[in-house]
Amino acid sequence: MIRNSNIYRINPETLGLGCGFLGVLGFSLTLPATRAAVADFDPTFVGLGRAVVAGVLAMIVLWVTRQPLPLSKHWGSLLIITAGVVLGFPLLSAWAMQQLPATDGAVIIGLVPLATAIAATLKGRERPSRKFWFASIFGSTTVVLFAFTSSAGQIQGADLLLLGAVGAAAIGYAEGGCLAQILGGWQVICWALVIAFPILLIPVIYTVFQHGLVASSTAWLGFSYVSIFSQFLAFFAWYHGMSIGGVARVSQIQLLQPFLTIIFSGLLLGEQITPLMLVVSGIVIASIAVGKQALIERKI
């Protein structure tokens, strides 16, 4: 009897969502770890130094696997990715975490999926249906309303920094998800880190001389996490998931990140978890379920 091998194949969208979830799981500890790190370290060191450490790891991986240089036509995209997820998001979020609890930051970061879907659409590579936009906008609006009410109706400077981080991440995610279809997910983040390394090395060294590296073990643990996992390993799964499942579709998995970050912040930092936070997290999870059933046209 001949068995149909298609039965045993995993749907690309399902596999992409699974990889995306692994990436989000890694990202979910980013804000709590950053908050722990900036308690003792200068935020510039945390925001940029993490990419220097990850850049060393990237160079080792590229050298060991003997990866060829990307073609010249891909360097423009790599520069955009570098500016978004290696420079913009880490630095802006590190400055914001000096002033905001990680739980509040997690909710604002919940805007990233909608911003990423918009960025992917503007690139012309994906065309989500109305049902998808409804689910994404509904979940993101809930996030914004929570952030507004939790700050007593006032927008703080740290909130604006996080909104800037959202924009930087969205552009970097959309560009990286598309380029990963060509270069591969882990190759994209590795080359972006290599590009950033010489740019960041001087300001990081200067910051070290200015503020030193004396810190608690908790701060070092937080910095190590954002360097190895948030800036490096989590992107392997994240960009690979986007490359096979679609940028807009997989980006919606990140709506789970506020929920996961709130839990980690409560467990690790002792920050308060309110019933409203859990309600908001439940709403955005429901919007993921609706968005998963929506049609998205992709140009391969």
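Let me sum up the structure you'll find in this document. Just so we're clear, the structure is a prediction, and the values are computed from it rather than from any experiment.

**Description of the overall build of the protein**
Part 1 of the reasoning: In terms of regular secondary structure, the protein is built from 13 helices and 2 strands.
Part 2 of the reasoning: Counting across all 300 residues of the protein, residues that qualify as buried make up 53%.
Part 3 of the reasoning: Pairs at least 24 apart in sequence give 91% of the contacts found in the protein among residues at least 6 apart.
Part 4 of the reasoning: Accessible surface for the protein amounts to roughly 13600 Å². Of this, 69% is attributable to carbon and sulfur atoms.

**Digging into empty space enclosed by the protein**
Part 1 of the reasoning: Under the counting rule described, the total for this entry stands at 2 cavities of 30 Å³ or more.
Part 2 of the reasoning: The volume enclosed by the largest cavity comes to roughly 110 Å³.
Part 3 of the reasoning: Lining the largest cavity are 14 residues, with F27, T30, R50, F89 and Y173 sitting closest to its centre.
Part 4 of the reasoning: Residue assignment for the lining of the largest cavity shows that the elements contributing at least two residues are α2 (30–38), α4 (75–96), α8 (157–183) and α10 (217–245).
Part 5 of the reasoning: Tallied by class, the residues present in the lining of the largest cavity amount to 9 nonpolar, 4 polar and 1 charged.

**Quick word on the packing of α2 against α10**
Helix-helix packing: each pair is described by the crossing angle between the helix axes and the interaxial distance.
Part 1 of the reasoning: Running from N to C, α2 and α10 point in directions that differ by 140°, and their axes come no closer than 7 Å. One way to sum up the angle between α2 and α10 is to call them oblique. Helix-helix and strand crossings are classified by hand; for α2 and α10 the assignment is left-handed. Of the residues in α10, those touching α2 at T30, A33, T34, A36 and A37 are T218, A219, G222, F223, Y225, V226 and S230.

**Considerations on the layout of surface pockets**
Part 1 of the reasoning: Estimates place the volume of the largest pocket at around 180 Å³.
Part 2 of the reasoning: Contributing to the lining of the largest pocket are L29, P32, A33, A36, T218, L221, G222, Y225, L268 and L269.
Part 3 of the reasoning: When contributions to the lining of the largest pocket are tallied by element, the ones reaching two or more residues are α2, α10 and α12 (257–269).
Part 4 of the reasoning: Across the lining of the largest pocket, the residue classes tally to 8 nonpolar, 2 polar and no charged.

**Some thoughts on the environment of A36**
Part 1 of the reasoning: Here A36 is to be found in helix α2.
Part 2 of the reasoning: Here the alpha-carbon distance between A36 and L221, two residues 185 residues apart in the chain, equals 8.2 Å.
Part 3 of the reasoning: Not counting residues within four places of it along the chain, the set of residues in contact with A36 comprises T218, A219 and L269.

**Looking at the side chain of T30**
Part 1 of the reasoning: If you trace the backbone, T30 turns up in helix α2.
Part 2 of the reasoning: Reaching out from T30, the side chain makes a polar contact with the backbone oxygen of F27 at a distance of 2.8 Å.
Part 3 of the reasoning: Dropping the residues within four chain positions of it, T30 is found in contact with R50, Y225, V226 and S230.

**Let's talk about the nonpolar core**
Part 1 of the reasoning: Judged by nonpolar contacts, the single largest core of 72 residues is most densely connected at V86, Y173, W238 and Y239.
Part 2 of the reasoning: Excluding residues within four positions of it along the chain, Y173 makes contact with F27, V85, V112, T116, F235, W238, Y239, M242 and Q254.

Rules of the game
- Residues numbered from 1 in each chain as written.
- Predicted model: local features only at pLDDT ≥ 70, side-chain atom pairs only at ≥ 80, totals over all residues.
- Heavy atoms only, no water.
- Helix = DSSP H or I, 4+ residues; strand = E, 2+ residues; numbered from the N terminus.
- Buried < 20%, exposed > 50% of the residue type's maximum accessible area, 1.4 Å probe, protein only.
- Contact = heavy atoms within 4.5 Å.
- Areas by Shrake-Rupley, 256 points an atom, 1.4 Å probe, with all protein chains shown as cover.
- 1 Å grid on protein atoms, 1.4 Å probe; cavity = no way out; pocket = protein on both sides within 12 Å on 5 of 7 lines; lining within 4 Å.
- Points joined across faces, edges and corners; volume = space filled by probe spheres on them.
- Nonpolar A, V, L, I, M, F, W, Y, C, P; charged D, E, K, R; others polar.
- Axes fitted to C-alpha atoms, helices over the stretch in contact; angles between N-to-C directions.
- Parallel < 35°, antiparallel > 145°, perpendicular 65-115°, else oblique.
- Left-handed = near helix turned anticlockwise from the far one by under 90°.
- Polar contact = N/O pair within 3.5 Å; in protein donor to acceptor, adjacent residues only side chain to side chain.
- Core = buried A, V, L, I, M, F, W, Y, C linked by side-chain atoms within 4.5 Å.

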